[in-house]
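Examining the three-dimensional arrangement
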Amino acid sequence: MSTDRLPKGPPQLVSIATQIEAHLERLIFEGEIGSGQRLSEPEIAAWFRTSRSPVREALRRLEASGLVTIEPRRGASVKVPSRTDVEDMLAIREALEGMAARLAAERADVEDVKLLRNALNERGKDIQGRRERIDFHEALLRTARNERLQDIVRGSMNLFRIIRAISARAEGRATHSAEEHLAILRAVEDHDPTAAEEAARKHIRKVRANLLNAFDAHSRTSSPVAPAGLTLVGRRNPIAASR
């Protein structure tokens, strides 16, 4: 058997569809592809230098996770949440985050507190050679040590991230959020479950007010859905570059 036909280098362990899904998910979460933005199969396939089949599979997965809507004859677009979606999701998040904070205050050890403090101090810094945000809420969930709670909260995160991308530019919100996270951390560090839960619920209530204001403003000023081809042109293709 000729070795000319064998692939060069180590085998690719992650499918192209999975890589496309991951990169589109990241662009949606970061607000680079906005709510309502059309996702053109031909454009995405050309960008990733692949056929439309893995693109179609990636879009179906994103639809299943609640990030994308696929309509007959219209194709795929990033989900446009309703105001009711936002209100309902944040009502649930307030209860769940409060529970996570209470459990964290009851169960946190020295290493857990260190993890939470790092999540505050390292937010937005360059970690392990790439831009990555250590998420305080994820650290709080880990500290709560309740796998079922973690699954429920993580399952509700996608819609939250779409809305958060809309409101991410709200002036002064990052500073207030850091102060609210610090109040939660101090309650956890003091092993005060009641204070921790109240601080977490107060934080989510403020997040809710901010997100609803941003959502309403976005709804009033947003332009019609951007045409296909607008988002990806000129952007570096991370998959093709790694081949």
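Below is a summary of the structure that appears in this document. This structure is a prediction, so every number in the text was calculated from the model and none was measured.

1. Examining the overall build of the chain
Within the chain, the secondary structure is distributed over eleven helices and five strands. Per-residue burial over the chain gives 41% buried out of 243 residues. For the chain, long-range pairs separated by at least 24 residues make up 77% of all intrachain contacts whose partners lie at least 6 apart in sequence. Element-wise, carbon and sulfur atoms account for 50% of the exposed surface of the chain, whose accessible area totals about 14,100 Å².

2. Some points on the environment of V55
Assignment of secondary structure puts V55 in helix α3 (residues 52–64). Residues V55 and I16 lie 39 residues apart in sequence; the distance between their C-alpha atoms is 8.3 Å. The contacts of V55, once residues within four sequence positions are left out, are I20, E41, I44, A45 and T50.

3. Examining the pairing of strand β3 (residues 75–78)
With two bridges connecting them, strand β1 (residues 38–39) and β3 associate as antiparallel partners. For L39, the partnering residue across the bridge sits in β3 and is A76. Strand direction decides the pairing type here: strand β2 (residues 68–71) and β3, joined by four bridges, are antiparallel. Residue pairing across strands places I70 opposite A76, the latter belonging to β3. Between β2 and β3, which pair antiparallel one after the other, the connecting turn spans three residues, and R73 there sits at a positive phi close to 70°.

4. Describing the environment of T84
Topologically, T84 is positioned in helix α4 (residues 83–107). Overall, T84 belongs to the partly exposed group, its relative accessible area being 45%. Through-space distance from the C-alpha of T84 to that of L212 is 9.9 Å; in sequence the pair is 128 residues apart.

5. A few points about the packing of α4 against helix α6 (residues 136–144)
It is at 7 Å that the axes of α4 and α6 come closest, and there the two elements cross at 55°. The pairing of α4 with α6 is recorded here as oblique in orientation. Between α4 and α6 the crossing geometry is left-handed. Within the contact between the two elements, α4 uses R93, E97, A100, A101, L103, A104 and R107 and α6 uses H137, L140, L141, T143 and A144. Here the residues of the contact of α4 with α6 are counted per class, giving seven nonpolar, two polar and three charged.

6. Describing the sheet that holds β2
An order of β1-β3-β2 is seen for the three strands of this open sheet, with the pairing classed as antiparallel. Two strands close off the open sheet at either side, each with one partner strand: β1 and β2. The strands touched by α3 are β1, β2 and β3; relative to β2, the strand with the most contacts, the crossing angle is about 115°.

Calculation notes
- Residues numbered from 1 in each chain as written.
- Predicted model: local features only at pLDDT ≥ 70, side-chain atom pairs only at ≥ 80, totals over all residues.
- Heavy atoms only, no water.
- Helix = DSSP H or I, 4+ residues; strand = E, 2+ residues; numbered from the N terminus.
- Buried < 20%, exposed > 50% of the residue type's maximum accessible area, 1.4 Å probe, protein only.
- Contact = heavy atoms within 4.5 Å.
- Areas by Shrake-Rupley, 256 points an atom, 1.4 Å probe, with all protein chains shown as cover.
- Pairing = 2+ DSSP bridges.
- Axes fitted to C-alpha atoms, helices over the stretch in contact; angles between N-to-C directions.
- Parallel < 35°, antiparallel > 145°, perpendicular 65-115°, else oblique.
- Left-handed = near helix turned anticlockwise from the far one by under 90°.
- Nonpolar A, V, L, I, M, F, W, Y, C, P; charged D, E, K, R; others polar.

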